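Listed below, chain by chain, are the residues.
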Amino acid sequence: MADPLNLAALIRHGDYHQRAGAPSALQPFPLTDAGVAQARACGDQIAALLDRHGVMLDPVIHCSPQLRAWQTASEIAGRLCTHGHNSLDIRETPALSERGLGSAANLTVEEIETVLAADPRYPPAPPGWKSDSHYCLPLHGAESLMDAGARVARHLRDTIEPRRPDAPGLLTLFVGHGASFRHGAHHLGVLPYEQIAAHSMHHARPLLLCYNARVSWRHFDGAWKKRPIKEEPLD
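Quick look at the structure, then. (Residues numbered from 1 in each chain as written. Predicted model: local features only at pLDDT ≥ 70, side-chain atom pairs only at ≥ 80, totals over all residues. Heavy atoms only, no water.)

So, about the overall build of the protein. If you tally the helices and strands in the protein, you get six helices and eight strands. Listing the helices and strands of the protein from first to last along the sequence gives β-α-β-α-β-α-α-β-α-α-β-β-β-β. On C-alpha atoms alone, the protein measures out to a radius of gyration of 18 Å, which is about the 18 Å that the 2.2 N^0.38 rule sets for 235 residues. Based on the C-alpha atoms only, the size of the protein along its principal axes is roughly 60 × 40 × 30 Å. Within the protein, residue pairs in contact and separated by at least 24 positions form 73% of the contacts whose partners lie at least 6 positions apart. Carbon and sulfur atoms form 55% of the exposed surface of the protein, whose accessible area is close to 10900 Å². Put simply, the protein has 23 plus and 25 minus side-chain charges, and the middle of one group is 3 Å from the middle of the other. (Helix = DSSP H or I, 4+ residues; strand = E, 2+ residues; numbered from the N terminus. Rg over C-alpha atoms; globule rule 2.2 N^0.38 Å. Contact = heavy atoms within 4.5 Å. Areas by Shrake-Rupley, 256 points an atom, 1.4 Å probe, with all protein chains shown as cover. Lys, Arg positive; Asp, Glu negative; His and termini not counted. Charge placed at Lys NZ, Arg CZ, Asp CG, Glu CD.)

Volume-wise, the largest pocket comes out at about 150 Å³. Taken together, Asp3, Pro4, Asn6, Glu161, Arg163, Arg164, Pro165, Tyr211, Asn212, Ala213 and Arg214 make up the lining of the largest pocket. Grouping the constituent residues of the lining of the largest pocket by class yields four nonpolar, two polar and five charged. (1 Å grid on protein atoms, 1.4 Å probe; cavity = no way out; pocket = protein on both sides within 12 Å on 5 of 7 lines; lining within 4 Å. Points joined across faces, edges and corners; volume = space filled by probe spheres on them. Nonpolar A, V, L, I, M, F, W, Y, C, P; charged D, E, K, R; others polar.)

Spatial ordering of the open sheet is given by β3-β2-β4-β1-β6-β7, a layout of six strands whose pairing is mixed. Pairing within the sheet leaves two strands with one partner each, and these edge strands are β3 (89-92) and β7 (216-221). Neighbour-to-neighbour, the strand axes of this sheet turn through a mean angle of 25°, independent of strand direction. Sheet topology places strand β1 (residues 6-12) next to strand β6 (residues 207-212); five bridges connect them, and they run antiparallel. Opposite alanine 9, over in β6, you have leucine 208 as the bridge partner. (Pairing = 2+ DSSP bridges. Axes fitted to C-alpha atoms, helices over the stretch in contact; angles between N-to-C directions.)

When you line up the elements, arginine 182 lands in helix α5 (residues 178-187). Glutamate 98 is the oppositely charged side chain nearest to the buried, salt-bridge-free arginine 182, at an N-O distance of 6.5 Å. In terms of polar contacts, arginine 182 uses its side chain to reach the backbone carbonyl oxygen of isoleucine 196, at 2.6 Å. (Buried < 20%, exposed > 50% of the residue type's maximum accessible area, 1.4 Å probe, protein only. Salt bridge = Lys/Arg side-chain N within 4 Å of Asp/Glu carboxyl O. Polar contact = N/O pair within 3.5 Å; in protein donor to acceptor, adjacent residues only side chain to side chain.)

If you trace the backbone, leucine 156 turns up in helix α4 (residues 145-160). Once the C-alpha coordinates of leucine 156 and histidine 62 are considered, the two residues, 94 residues apart in sequence, prove to be 9.8 Å apart. Not counting the four nearest positions on each side in its chain, leucine 156 is found in contact with Ala8, Leu10, Leu96, Glu161, Phe174, Leu188, Leu209 and Trp217.

Following both chains from N to C, one finds α4 and α5 inclined at 70°, their axes separated by 7 Å at the closest point. Looking at the two axes, α4 sits roughly perpendicular to α5. By crossing handedness, the relation of α4 to α5 is classed as right-handed. Touching Leu145, Met146, Ala148, Gly149, Ala150, Val152, Ala153 and Arg157 of α4 are Ala179, Ser180, Phe181, His183, Gly184, His186 and His187, all from α5. Among the residues making up the contact of α4 with α5, the classes are represented as eight nonpolar, six polar and one charged. (Parallel < 35°, antiparallel > 145°, perpendicular 65-115°, else oblique. Left-handed = near helix turned anticlockwise from the far one by under 90°.)

In short, geometric facts, not functional conclusions.
Right under this line is the structure:
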């Protein structure tokens, strides 16, 4: 008898309004009209995945507290209702947030570098620091991309791994951010470290991971977005 499918859908939020030049992080702005359309289309895609793989939908949708993630989850839930999936519960958790920049949250890259240059306690940020997986700003509350990925991976493990091996197949939705999802996938053993920078995620397009107690985590369905050479990583 085949093992049940314990599936996690990683869903990057839809396109949203951003402050120019600022690392995406905790920006509080809403989805654009295009982002709303992407999220609604994602609901249809998820309904099709449920039919394709013969699994049930977890009634809890996990999302980060950022408005763009909550809106994406809400639009997905609305579309899933039209497919007969009612009473979905959207639960916000900071575990799915993008990499936090602490006291520098929502400053532009130039402003952050100016702050460091004016602080005698710290060296300048190294070139390319924004996309450096291990670099952490020396500011209160900041974390590295690897830190954020570990946080995301821990939430996925805590949600998926305790399920009984004899439970029916289930698909759980996680709505968050591209960089923390990619680094989370690395911590789960799904995305090799050397491939993190070469990949991104499509807006509001589910990428499925599968957990099996015997073989751990693996990529199951959906595609990473290939990042063009020298493209600046965004969330």
